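# Coordinate inspection notes
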Amino acid sequence: MAEITASMVKELREKTDAPMMECKRALSEADGDLAKAEEILRVKLGNKASKAASRITAEGMIGVYLSADGKLGALIEVNCETDFVAKNDDFRVFTRSLAELVANKNPGDVAALSNLNIDGATVEATRTALIGKIGENLSIRRFTRIAAQGKLTCYIHGGSKIGVLVDCTGGDDQLGKDLAMHIAASKPKSLDASGVPADLVDTERRIAIEKAKEAGKPEAMLEKIAAGTVQKYLREVTLLGQLFVKDDKLTIEQLLKNKGAAVSSFALYIVGEGLEKRKDDFAAEVAAQAAAAAAK
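Residues numbered from 1 in each chain as written. Predicted model: local features only at pLDDT ≥ 70, side-chain atom pairs only at ≥ 80, totals over all residues. Heavy atoms only, no water.

Burial analysis of strand 2 (residues 72-80) places 9 of its 9 residues in the buried class, the great majority of the element. Burial of the side chains of strand 2 extends over both faces: Leu-72, Ala-74, Ile-76, Val-78 and Cys-80 are buried on one face and Gly-73, Leu-75, Glu-77 and Asn-79 on the other. Examined bridge by bridge, strand 1 (residues 59-66) and strand 2 share 8 bridges and lie antiparallel to one another. The residue of strand 2 that forms the bridge with Met-61 is Val-78. As paired elements, strand 2 and strand 5 (residues 139-147) share 8 bridges and run antiparallel to each other. (Buried < 20%, exposed > 50% of the residue type's maximum accessible area, 1.4 Å probe, protein only. Helix = DSSP H or I, 4+ residues; strand = E, 2+ residues; numbered from the N terminus. Pairing = 2+ DSSP bridges.)

Below, the structure written as structure tokens:
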């Protein structure tokens, strides 16, 4: 049996918002496996235990570039330590310049991007100089480049905290804008069911079966219940299956059909998604400073 430490309980509690004793019991049942413990809590407590997964936990901004003809676009996430720096003009200009560089030069990864030139210096040298000027660490996290099959529409929300590019064939400009805003609001994981990672589907299936067992459902019904739950999940997390935010009588798939349009691909970036934000304990910092002063 793995030792369940206070830090493990704290981490699970922060991730799920579940009561402390429930977290401890779940960790014990999962033999210290954090992911399994989270799954156990979801069975017992429902979706409350997964709400922290969507929290934005790091600062920065999403830079976007879109060509005038809507045929080429890019999104990039650049992170910093504080929201104050995320609003800094130099930081924002740097991030948007990188998005344009990604679109026009098509680097293979962040390392390749860092070696490209921008304003007479490499991206890495420019980043390092900006760190010295601003006094805060900056990092290029990820980027996506899309060469459109149809026409790209972009949408930036929340002071550049959320960025969307969507490639739509057919329809009109308003449809593109509606789709981009819908994606920002509803945050689909993929275009359709084929793009949803198998491990996520398996997790939903296992949770459905365990919840059905706890509810006393017959063994013969478990697979059918699980299948229904998985289908509901896929409708909720795929763009084509989601209900349109401006008309909940229509799915996006139906909306596109009505407009004679199709979506080839989309990209959605949320600043800090999946990252841990540094948590400063001001009281502890003051106490430590006071203790250090007393020691002198």
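Here we come to the packing of helix 8 (residues 173-186) against helix 11 (residues 252-259). Remark: helix 8 packs on helix 11, axes separated minimally by 12 Å, with the N-to-C direction vectors making an angle of 175 degrees. Comparing the axis directions of helix 8 and helix 11 gives the class roughly antiparallel. Side by side, helix 8 and helix 11 meet where Leu-175, Leu-179 and His-182 of the first sit next to Ile-252, Leu-255, Leu-256 and Lys-259 of the second. Among the residues making up the contact of helix 8 with helix 11, the classes are represented as 5 nonpolar, 1 polar and 1 charged. (Axes fitted to C-alpha atoms, helices over the stretch in contact; angles between N-to-C directions. Parallel < 35°, antiparallel > 145°, perpendicular 65-115°, else oblique. Contact = heavy atoms within 4.5 Å. Nonpolar A, V, L, I, M, F, W, Y, C, P; charged D, E, K, R; others polar.)

So, on to the confidence of the model for the chain. The predicted model of the chain averages 87 in pLDDT, with 88% of residues at 70 or higher. When the criterion is pLDDT under 50, residues 51-57 qualifies, and its contacts beyond four places in sequence or with other chains add up to 14 contacts. (pLDDT = per-residue confidence, 0-100.)

This part takes up the environment of Thr-16. Along the chain, Thr-16 turns up in helix 1 (residues 6-16). Accessibility expressed as a relative area gives 0% for Thr-16, which makes it buried. Spatially, the C-alpha atoms of Thr-16 and Glu-38 are 7.2 Å apart, while their sequence positions differ by 22 residues.

The relation between two aromatic rings is expressed through the spacing of the ring centres and the mutual angle of the planes. Within the structure shown, the criterion is met by 0 aromatic pairs. The ring of Tyr-269 carries the charged tip of Arg-142 above its face, separated from the ring centre by 4.1 Å. (Phe/Tyr/Trp six-rings, centres within 6.5 Å; stacked < 30°, edge-to-face > 60°. Lys NZ or Arg CZ within 6 Å of the ring centre and 35° of its normal.)

The biggest cluster of nonpolar side chains holds 22 residues, and the ones touching the most others in it are Ile-76, Phe-91, Leu-98, Leu-113, Val-123 and Ile-140. Sorting the residues of this core by element identifies strand 2, helix 4 (83-86), helix 5 (89-105), helix 7 (123-134) and strand 5 as the ones contributing at least two each. Examining the composition of this core, we find that 7 residues originate from one element, helix 5, more than from any other. What Ile-140 contacts, discounting residues up to four positions off in sequence, is Ile-76, Glu-77, Val-78, Leu-98, Val-110, Leu-113, Ser-114 and Val-123. Val-166, Leu-239, Leu-250 and Leu-256 belong to the second largest nonpolar core, which has 21 residues in total. (Core = buried A, V, L, I, M, F, W, Y, C linked by side-chain atoms within 4.5 Å.)

Attention now moves to the sheet that holds strand 5. Spatial ordering of the open sheet is given by 1-2-5, a layout of 3 strands whose pairing is antiparallel. Bordering the open sheet on either side are strand 1 and strand 5, each of which pairs with just one other strand. Put simply, the sheet's adjacent strands are angled 10 degrees from each other on average, direction ignored. Of the strands in this sheet, strand 1, strand 2 and strand 5 are in contact with helix 5, which crosses strand 2 at around 140 degrees.

On to the side chain of Glu-59, then. Within the secondary structure layout, Glu-59 lies in strand 1. What makes Glu-59 buried here is its relative accessible area of 12%. At 3.3 Å, the side chain of Glu-59 forms a polar contact with the side chain of Lys-161. (Polar contact = N/O pair within 3.5 Å; in protein donor to acceptor, adjacent residues only side chain to side chain.)

Bringing the pattern of salt bridges into the picture now. Following the criterion strictly, the structure yields 17 salt bridges and no others. In this structure, Arg-141 engages Glu-77 in a salt bridge whose closest nitrogen and oxygen atoms are separated by 3.2 Å. Of this pair, Arg-141 sits in strand 5 while Glu-77 sits in strand 2, placing them 64 residues apart in sequence. Take Glu-77: its relative accessible area is 0%, and that puts it in the buried class. A salt bridge links Lys-232 to Glu-236; its shortest N-O distance comes to 2.6 Å. Of this pair, Lys-232 and Glu-236 both sit in helix 10 (residues 222-237), 4 residues apart, which is roughly one turn of that helix. According to the relative accessible area criterion, Glu-236 is partly exposed, its value standing at 43%. (Salt bridge = Lys/Arg side-chain N within 4 Å of Asp/Glu carboxyl O.)

Glancing now at the sheet that holds strand 10 (residues 262-270). Strand order across the open sheet formed by 3 strands is 6-7-10, with antiparallel pairing between neighbours. Unpaired on one side and paired on the other, strand 6 (151-157) and strand 10 mark the two borders of the sheet. Shown here is a sheet whose adjacent strand axes are inclined to one another by a mean of 15 degrees, direction ignored. Relative to strand 10, strand 7 (residues 162-169) is paired through 8 bridges, and the arrangement is antiparallel. Residue pairing in the sheet places Asp-167 in a bridge with Ser-265 of strand 10. Lying on the sheet, helix 8 is in contact with strand 6, strand 7 and strand 10; it crosses strand 7 at an angle near 140 degrees.

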